[in-house]
Amino acid sequence: MIPALHVGGSPVSQYVEFIAELRARGFEGDISTSYADRTVLATDNSIYQRMPQAVAFPRNAMDVIRVGKLAGEERFAEVTLVPRGGGTGTNGQSLTDGLIVDMSRHMNRILEINVDERWAWVEAGVVKDQLNECAVFSPRVTVARDSVSPMPPSRSVAQEINTAPPKSASDARSAFDRLFKKTD
Ligand SMILES: Cc1cc2nc3c(=O)[nH]c(=O)nc-3n(C[C@H](O)[C@H](O)[C@H](O)COP(=O)(O)OP(=O)(O)OC[C@H]3O[C@@H](n4cnc5c(N)ncnc54)[C@H](O)[C@@H]3O)c2cc1C
């Protein structure tokens, strides 16, 4: 039997305290306890549903560190964190009744692409459509709405990038410029 969503009340106290402390420590991203956001992120590309207590949207790597450090403290030992990218996982892995850390809202910048060495340095919430858009890599990476970070090694971007060179240097350069203008 697939568990039904309980129409949520307010987050339980340990999450309320966790969020308050996170804000007090300078978390720069967004934090939502709204019923709407929690409901949206209560589903993914699986058949399952779980209502989170809250959702944090880190703005940068420091925010991710802030979340991790706080969760490591004894008093928050019961707090559950689940990172989330595109939510395309098919087995409900991104769902939790704890705190979702959604990387896709802000941490979606492509930081550097090295065409010669065929690698890209990206933030954890970059989805593969973004890499596809720059057309530097061929063949294009698959499953376009999932993010780069949770991919199993067998499907890593690095491996897919390394399967073929860019079509031409000028194609690669203009795509690269387009992309950086867009993400500036
Ligand atoms: C059409 C389709 C085809 C697919 N084909 C394949 C396939 O051929 N082979 C295959 O192996 N898989 C396949 N998948 C599954 C695919 O690998 C996953 O959907 C994808 O990698 C998950 O990425 P996501 O960003 O959507 O992660 P989510 O669904 O958001 O999360 C998936 C898991 O990764 C964790 N996670 C998310 N972001 C981070 C992060 N930044 N740091 C640490 N953990 C994180 C989550 O907590 C969760 O446990 C397919 C999925 C679809 C929809």
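Help me understand the overall build of the protein in this model?
Helix and strand content of the protein: six helices and six strands. For the protein, the succession of helices and strands along the chain, N to C, is α-β-α-β-α-β-β-β-β-α-α-α. Residue burial in the protein is summarised as follows: out of 184 residues, 32% are buried. Looking at the protein alone, contacts between residues at least 24 apart form 59% of all its contacts between residues at least 6 apart.

Teacher, can you tell me more about the nonpolar core here?
One broad rule of soluble globular proteins: the nonpolar side chains tend to lie buried together. With 18 residues, the main nonpolar core has Tyr15, Phe18, Ala54, Val55, Ala56, Leu99 and Val101 as its most contacted residues. Residue assignment for this core shows that the elements contributing at least two residues are α1 (13-24), β2 (54-57), α3 (61-71) and β4 (99-102). For alanine 56, the residues in contact, after removing those within four places along its chain, are Gly29, Ile31, Val67, Leu99 and Val101. Ranked by size, the runner-up nonpolar core spans eight residues in total, among them Ile110, Ile113, Val122 and Val126.

Honestly, the environment of cysteine 134 in this entry has me stumped. Any pointers?
Mapping cysteine 134 onto the fold places it in helix α4 (residues 128-134). Its 23 C-beta neighbours within 10 Å are what place cysteine 134 among the buried residues. Here the alpha-carbon distance between cysteine 134 and isoleucine 113, two residues 21 residues apart in the chain, equals 10.0 Å.

Sorry if this is basic, but what is going on with the packing of α1 against α3 here?
What describes two packed helices is the angle between their axes and the distance between those same axes. In contact at an axis separation of 10 Å, α1 and α3 are set at 130° when each is read in the N-to-C sense. Considering the angle they form, α1 stands oblique to α3. Taken as a pair, α1 and α3 cross one another with a handedness that is right-handed. For the pair α1 and α3, contact is made by Phe18, Glu21 and Leu22 and by Arg66, Val67 and Leu70, respectively.

When you look at the pairing of β4 in this model, what are you seeing that I'm missing?
Regular strands place their side chains on alternate faces of the sheet. Residue alternation in β4 divides its side chains into two sets, Leu99 and Val101 and Ile100 and Asp102, and both sets are buried. The sheet contact formed by β2 and β4 spans three bridges and is parallel. When the bridges of β4 are listed, alanine 56 appears paired with valine 101. Summarising the sheet, strand β3 (residues 81-84) and β4 pair through four bridges and their orientation is parallel. Bridge pairing links valine 82 to isoleucine 100 in β4.

Is there a simple way to think about the sheet that holds β2 in this case?
One key point about sheets: their strands pair by backbone hydrogen bonds, in either a parallel or an antiparallel sense. With respect to topology, four strands assemble into an open sheet ordered β1-β2-β4-β3, the strand pairing being mixed. If you trace the sheet from one side to the other, it starts and ends with β1 (30-32) and β3, each paired once. On average, each strand axis in the sheet is tilted by 20° relative to the strand beside it, whichever way the strands run.

Whenever I open this one, the confidence of the model for the protein confuses me. Can you help?
As a general rule, the predicted coordinates of low-pLDDT regions are not to be interpreted in detail. Confidence in the prediction for the protein averages 80 pLDDT; 70% of positions are at 70 or higher. Low pLDDT (under 50) marks residues 151-166, which in the prediction has 21 contacts with non-local residues, meaning those over four places away or in another chain.

Hey, could you run me through α1 in this one?
One turn of an α-helix holds 3.6 residues; hence residues three or four places apart share an orientation. Helix length check: α1, at twelve residues, gives a terminal C-alpha distance of 16 Å against a target of 16 Å (1.5 Å per residue), a fit within 8%. All buried positions along α1 are accounted for by Tyr15, Phe18, Ile19 and Leu22. When α1 is viewed along its axis, its buried side chains cluster within an angular range of 95° and face the same direction. Within α1, the exposed residues directed more than 90 degrees away from the buried face are Ser13, Ala20 and Ala24. Taken together, the buried residues of α1 touch β1, β2, α3 and β4. Immediately beyond the C-terminal end of α1, within one or two residues, lies glycine 26, with a positive phi of roughly 95°.

Parameters and conventions
- Residues numbered from 1 in each chain as written.
- Predicted model: local features only at pLDDT ≥ 70, side-chain atom pairs only at ≥ 80, totals over all residues.
- Helix = DSSP H or I, 4+ residues; strand = E, 2+ residues; numbered from the N terminus.
- Buried ≥ 20, exposed ≤ 12 C-beta atoms within 10 Å, placed from the backbone.
- Contact = placed C-beta atoms within 7 Å.
- Core = buried A, V, L, I, M, F, W, Y, C linked by C-beta atoms within 7 Å.
- Axes fitted to C-alpha atoms, helices over the stretch in contact; angles between N-to-C directions.
- Parallel < 35°, antiparallel > 145°, perpendicular 65-115°, else oblique.
- Left-handed = near helix turned anticlockwise from the far one by under 90°.
- Pairing = 2+ DSSP bridges.
- pLDDT = per-residue confidence, 0-100.
- Expected span 1.5 Å × (residues − 1).
- Arc of directions from axis to C-beta.

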